[in-house]
2 protein chains.
Amino acid sequence: VAINGFIDRSSHSMDKSITLPADEIFRNLENAKRFAIDIGGSLTKLAYYSTVQHKVAKVRSFDHTAKVGVNETEGEPLYEISMQEEVTARLHFIKFENAYIETCLDFIKDHLVNTETKVIKATGGGAHKFKDLIEKKLKLRVDKEDEMTCLIKGCNFVLRNIPHEAFVYVKHADSEFRFQNTHPDIFPYLLINIGSGVSIVKVESEDKFERVGGSSIGGGTFWGLGALLTKTKRFDELLQLASKGQHTSVDMLVKDIYGGSYGSLGLTGDLIASSFGKSATADNEFSKEDMAKSLLHMISNDIGQLACLYARLHNLTRVYFGGFFIRGHPQMYIGEVQALFLRHEGYLGTIGAFLKGAEEDNPNQYSWGENYAGSSGLMSVSPDLNPMQRTRSGTFDMLEMDRLERQLVNLPLLQDPSSYIPDTVDLSEDALAREYWLYCFEEALDGVVKRAVASQPDLPEAAERAEKFRHKYRHKLQTLRQQPL
Amino acid sequence: VAINGFIDRSSHSMDKSITLPADEIFRNLENAKRFAIDIGGSLTKLAYYSTVQHKVAKVRSFDHTAKVGVNETEGEPLYEISMQEEVTARLHFIKFENAYIETCLDFIKDHLVNTETKVIKATGGGAHKFKDLIEKKLKLRVDKEDEMTCLIKGCNFVLRNIPHEAFVYVKHADSEFRFQNTHPDIFPYLLINIGSGVSIVKVESEDKFERVGGSSIGGGTFWGLGALLTKTKRFDELLQLASKGQHTSVDMLVKDIYGGSYGSLGLTGDLIASSFGKSATADNEFSKEDMAKSLLHMISNDIGQLACLYARLHNLTRVYFGGFFIRGHPQMYIGEVQALFLRHEGYLGTIGAFLKGAEEDNPNQYSWGENYAGSSGLMSVSPDLNPMQRTRSGTFDMLEMDRLERQLVNLPLLQDPSSYIPDTVDLSEDALAREYWLYCFEEALDGVVKRAVASQPDLPEAAERAEKFRHKYRHKLQTLRQQPL
């Protein structure tokens, strides 16, 4: 299957010959053990679980607690390292437009082997609509789960288990993203889930939550109105257009009406008085970029205001945003209430549905680590920076999480980790240090590649693999330089 | 000046040769004594005050209170009627798009005679922007008044003084409009003023009010986005398009996602899940009507929700809607809070600015009566019904109010009005009775016209004037039949 074979949305019927970027997207599909699917009004989010075999270095550290003071004895090693094959459980999350669902199901069916699973958990509004199709294609029984229940279950899970899942966006600050540590005490909170429309859910405990409000102005509105205004049919392209636009050419600002600020009311001149207010009477054409930007502002501000009002009405101070909308623009202003964004905003329902199915495994006893190599995370914050990646994620977006059998700890080889005070520097906050270290890593790269090739003199493909590594590593450093957070 | 000479908005420069529908719009301009102007982001509302001379029948009723029991004495008349010339103060309100402001000022300057006024009260955001233009054109000093102050002053005034100013809209009810009587106890209330953008003002007393919120999604957004989507540049034409459209072809409904209702959340299948959600992925073209309708729904629902949330946050139960947006569709859903619409919604700021200037006259001691002949009132509720009137009001809209020197009372010739129990029937509620009476009035019309002509045998133009009367009267009856409320 060709990597660059993308589906052309302008083709009306999507036949099976369309090539999916499958080796990227459906990694390890063959071993898929369990499925969950979340079908929204516009997007489908699929989760599957497979096992991946790989080598890990294991450390056996000898117990010295019983013999304090004698552990410097020569000849008695502090630890032992051994290489082992290990099987890791990996969760794969894939997002695509509903239009691709049939093609994707066909692909899954064709590539699925060895699966013992007979059931697929399904949630989201579309679970009903696509039930028969899924059962027919995959020969799995569709087991529907309540959408809100899955959404909240998934949200609670990422808040508790994924390090730095939630973040605050501080405009114009040196480090715009401020990540929050996981904390067991997550309730109560308000979840604003922005799908095609918006659902506003008050969450008081694991089992107690209520949809307190909603709005029809959501991601589908950005997509739908954006498509009508710009003739651009792809959601991510619309976001990309918006990132280049000037909303002030389309919006009527306070200063356009008042000639400046309206001081006595505390309205600054740059405040938007009327979204699209200028296009009412102006005869000029407006650029796609400007219209997309204005639309994005309009919808974000509206959702932000509703979020703030519902939070105030219900006396909630923590407001999380979920759904597949925020991505490019966490700069939502919601007044005195703290807006918290989620790196995995779009996968909450899928995660919840998956957990529902995996409950017998008691997944909460494991620690979950994000597999950054495959994770989309904040990848799409700046659509311009990684055009190559964008082409892929424009239609398909993915996330991977590894289930860790052990708790991850810092510096496991240390004899007494608690007494060690590391000389740390937060590269996300210290721009000079970041620049220095990225430079160091880049400078060292050639040497590392040379040593890697030299270490495997018997493997003829070593040079080629090392080249691939060099390319990927350099790309990662570039990404970190441009998107340090 | 030709009545039918309307300004073509597609002409880029508007020169003075463009004819305004001036004999309709600028009635009695020559005697204008005082001006006030409210310039919003998109629309200008002008008020002027002039005196109009006309004949009135005055009744002198003799005092019988002192001689109870003897008032049936023959030869002693109960009352005396005399015809008198009277000068009435009349307030004229005119609305037009900001694009016409220069043309209108020129027209006013050319037609203004005998004005003693040196000052024009100005409010609204545009007062600053157009100050120099107004002063140059009219040679009047522009005296700026705070927008919110004028808005609230005008709102308080109409609520206290104009009978049946506020009304509730009850969808699907036999009489959809339920008018409220004036009541001196009007505070507290929430005013949602929908101009180009939306201002939300909490009003606690005559002097105590606060802008508690706002939104950039307002009338300018409907106009601006509507113009971009449909290439229709006129606000009223957009409303007219919307009245013919089906929003369900553009909007994604709950049932489009779920296949039905989402019962456990109390969401009905017909609820809009995502405004414009269908246009995101569908490849078909959407009709202008459907898009306009969807847009109208989107904006109305959004404002309605904000209104409801602010009302709940501030514990207010009465919510009034002002501004020039609601007209075609008072069916705004705002949940548990009572939505009250205002017949003169668009003129609040102008009325307030005018009153500011007229404060020395102490206008509150008068009773104000609406001059229905010239008032737009609810004229534009059903854009389709009166296409002729629509053509006019599409660009210009007007309202007139007469200052009454006396309190208007029912049946002034009655000897003892308090003991008389009239046999009334509310024609707005009783459809059968309405049909009957409208039929009676229509049947009697020929006779009335005949008698009118016969009563003025010496006036050669009597027949022509009677014909005009017949036409106008019949048209009024038709309007009442189609828009009884």
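Below: a short report on this structure. (Residues numbered from 1 in each chain as written. Chains lettered and ligands numbered in written order. Predicted model: local features only at pLDDT ≥ 70, side-chain atom pairs only at ≥ 80, totals over all residues. Heavy atoms only, no water.)

1. What to know about the side chain of threonine 350 of chain B
Its location among the elements puts threonine 350 of chain B in helix α10 (residues 348-358). Aside from chain neighbours lying at most four places away, what touches threonine 350 of chain B is Ala36, Asp38, Lys45, Leu46, Ala47 and Phe93 of chain B. (Helix = DSSP H or I, 4+ residues; strand = E, 2+ residues; numbered from the N terminus. Contact = heavy atoms within 4.5 Å.)

2. Regarding the packing of aromatic side chains
We describe a pair of aromatic rings using the distance from one ring centre to the other and the angle between the two ring planes. Residues and elements named next belong to chain A. Here the structure, examined in full by the defined rule, presents 26 aromatic pairs over all chains. With a centroid separation of 6.0 Å and an interplanar angle of 35°, the aromatic rings of phenylalanine 35 and tyrosine 48 are classed as tilted. Here phenylalanine 35, found in strand β1 (residues 34-39), pairs with tyrosine 48, found in strand β2 (residues 43-61); they are 13 residues apart in sequence, far enough to count as distant. The class for phenylalanine 35 is buried, based on a relative accessible area of 1%. Assessed through its relative accessible area of 0%, tyrosine 48 is described here as buried. On the basis of an interplanar angle of 50° and a centroid distance of 5.9 Å, the ring pair of tyrosine 49 and phenylalanine 354 is categorised as tilted. In this pair, tyrosine 49 sits in strand β2 while phenylalanine 354 sits in helix α10 (residues 348-358), placing the two residues 305 residues apart along the sequence. Accessibility assignment for this pair places tyrosine 49 and phenylalanine 354 in one class, buried. Stacked on the ring of tyrosine 49, the Lys or Arg arginine 34 has its end atom at 6.0 Å from the ring centre. (Phe/Tyr/Trp six-rings, centres within 6.5 Å; stacked < 30°, edge-to-face > 60°. Buried < 20%, exposed > 50% of the residue type's maximum accessible area, 1.4 Å probe, protein only. Lys NZ or Arg CZ within 6 Å of the ring centre and 35° of its normal.)

3. Some words on the sheet that holds strand β6 (residues 166-169) of chain A
All names here are of chain A. Reading across the sheet, the seven strands line up as β7-β6-β14-β13-β8-β9-β10 and stay open at both edges, with mixed pairing between neighbours. Where the open sheet ends on each side, the last strands, each with one partner, are β7 (177-179) and β10 (209-215). Ignoring which end each strand starts from, the neighbouring axes of this sheet average 30° apart. Summarising the sheet, strand β8 (residues 189-194) and strand β13 (residues 318-323) pair through five bridges and their orientation is parallel. Residue pairing for β13: asparagine 193 is matched across the bridge by glycine 322. (Pairing = 2+ DSSP bridges. Axes fitted to C-alpha atoms, helices over the stretch in contact; angles between N-to-C directions.)

4. Quick notes on a positive patch on the surface
Judged by side-chain charge, Lys231 and Lys288 of chain A together with Lys231 and Lys288 of chain B come together as a positively charged surface patch. Looking at lysine 288 of chain B, the relative accessible area reads 39%, which means it is partly exposed. (Patch = residues over 30% accessible without salt bridge, like charges linked within 9 Å, V, L, I, M, F, W, Y side chains within 5 Å. Areas by Shrake-Rupley, 256 points an atom, 1.4 Å probe, with all protein chains shown as cover. Salt bridge = Lys/Arg side-chain N within 4 Å of Asp/Glu carboxyl O. Lys, Arg positive; Asp, Glu negative; His and termini not counted. Charge placed at Lys NZ, Arg CZ, Asp CG, Glu CD.)

5. Focus: the packing of helix α5 (residues 147-161) of chain A against α10 of chain A
Residue and element names in this part refer to chain A. Between α5 and α10, the shortest axis-to-axis distance is 6 Å and the interhelical angle comes to 95°. When the axes of α5 and α10 are compared, the pair comes out roughly perpendicular. On α10, the residues touching Thr149, Cys150, Leu151, Lys153, Gly154, Cys155, Phe157 and Val158 of α5 are Leu348, Gly349, Ile351, Gly352, Ala353, Leu355 and Lys356. Of the residues in the contact of α5 with α10, the class split is nine nonpolar, four polar and two charged. (Parallel < 35°, antiparallel > 145°, perpendicular 65-115°, else oblique. Nonpolar A, V, L, I, M, F, W, Y, C, P; charged D, E, K, R; others polar.)

6. A few points about unusual backbone geometry
The omega torsion across phenylalanine 187 of chain A and proline 188 of chain A is -10°, close enough to zero to call that bond cis. Structurally, proline 188 of chain A can be placed in the loop between β7 and β8. Of note, phenylalanine 276 of chain B is a non-glycine position whose phi angle comes to about 65°, a positive value. Positionally, phenylalanine 276 of chain B belongs in the loop between β12 (272-274) and α9 (288-313). A positive phi angle, close to 55°, is found at asparagine 315 of chain B, a residue other than glycine.

7. What to know about the interface of chain A and chain B
Counting residues at the interface gives 58 residues for chain A and 58 residues for chain B. Taken over both partners, the interface formed by chain A and chain B buries close to 4,900 Å², and the fraction arising from carbon and sulfur atoms is 59%. Applying the counting rule to chain A against chain B returns zero salt bridges. Remark: the boundary between chain A and chain B carries 24 residue pairs in polar contact (both at pLDDT 80 or more). Elements with a minimum of two residues in the side of chain A that touches chain B: α3 (126-129), α5, β10, α6 (219-230), α8 (254-258), β12 (272-274) and α9 (288-313) of chain A. Top element by residues in the side of chain A that touches chain B is α9 of chain A. It accounts for nine residues. Here the residues of the side of chain A that touches chain B are counted per class, giving 25 nonpolar, 23 polar and 10 charged. (Buried area = accessible area lost by both parts, 1.4 Å probe. Polar contact = N/O pair within 3.5 Å; in protein donor to acceptor, adjacent residues only side chain to side chain.)

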